[in-house]
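# Descriptive analysis of the structure
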Amino acid sequence: MNRWRDGAFSLRHFSEDEFDHPDQMSVRFLRLLDEFRARLGYPFRITDDFRTKSEMVDLYGQNMEAWPDSSHRYGTGVDGHPVPFNARTRFKARQVIADMVYNGIWTQPGIGHYDGHLHLDSHEDRPDTRPAEWVGVSK
Ligand SMILES: [Zn+2]
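Below: a short report on this structure. (Residues numbered from 1 in each chain as written. Predicted model: local features only at pLDDT ≥ 70, side-chain atom pairs only at ≥ 80, totals over all residues.)

### Regarding the pairing of strand β6 (residues 118-122)
- Counted residue by residue, β6 has five buried out of five residues, so it is predominantly covered.
- Burial of the side chains of β6 extends over both faces: L118, L120 and S122 are buried on one face and H119 and D121 on the other.
- Of the strand pairs in this sheet, strand β4 (residues 77-82) and β6 are connected by four bridges, and their pairing is antiparallel. Within β6, the position partnered with V78 by the bridge is L120.
- Taking the residues between adjacent antiparallel strands as the criterion, strand β5 (residues 109-114) and β6 are bridged by three residues. (Buried ≥ 20, exposed ≤ 12 C-beta atoms within 10 Å, placed from the backbone. Helix = DSSP H or I, 4+ residues; strand = E, 2+ residues; numbered from the N terminus. Pairing = 2+ DSSP bridges.)

Structure (structure tokens):
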């Protein structure tokens, strides 16, 4: 068990030091991610989590109007990948999340399939946009 936020809650598979901004992450989303990781059966390396304004500027430029309405701004999305990351583990991740949808556990997931990572999120506040799946190129 990994204790977070001075013992306020704990996760089985993720510790605070795996996140750049652990204090900005949604606990509800982290619990979904932890359950996903347990079902995945592989380590899942987090490569990006909550994004500050300055991190958004680095990625998308100064014009905030042009920024995507990203779950990274709400602490309800991460980028990362199973270890090892290959076609098989990518497909396993997809299947695990689909099973969680069908079982009513992770009802509003977004899965972005990028060449170098997966984007996983939960947009519970925007049910019209989730569940969703898309492909992209890693920045
Ligand atoms: Zn992302």
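### Considering the sheet that holds β6
- Pairing is mixed in the open sheet, where five strands are placed in the order β3-β4-β6-β5-β7. Among the strands making up the open sheet, the edge pair consists of β3 (44-48) and β7 (132-136). Averaged over all pairs of adjacent strands, the angle between strand axes in this sheet comes to 30 degrees, irrespective of strand direction.
- Sheet strands in contact with helix α1 (residues 27-40) are β3, β4 and β6, and its direction is about 130 degrees off that of β6. (Axes fitted to C-alpha atoms, helices over the stretch in contact; angles between N-to-C directions. Contact = placed C-beta atoms within 7 Å.)

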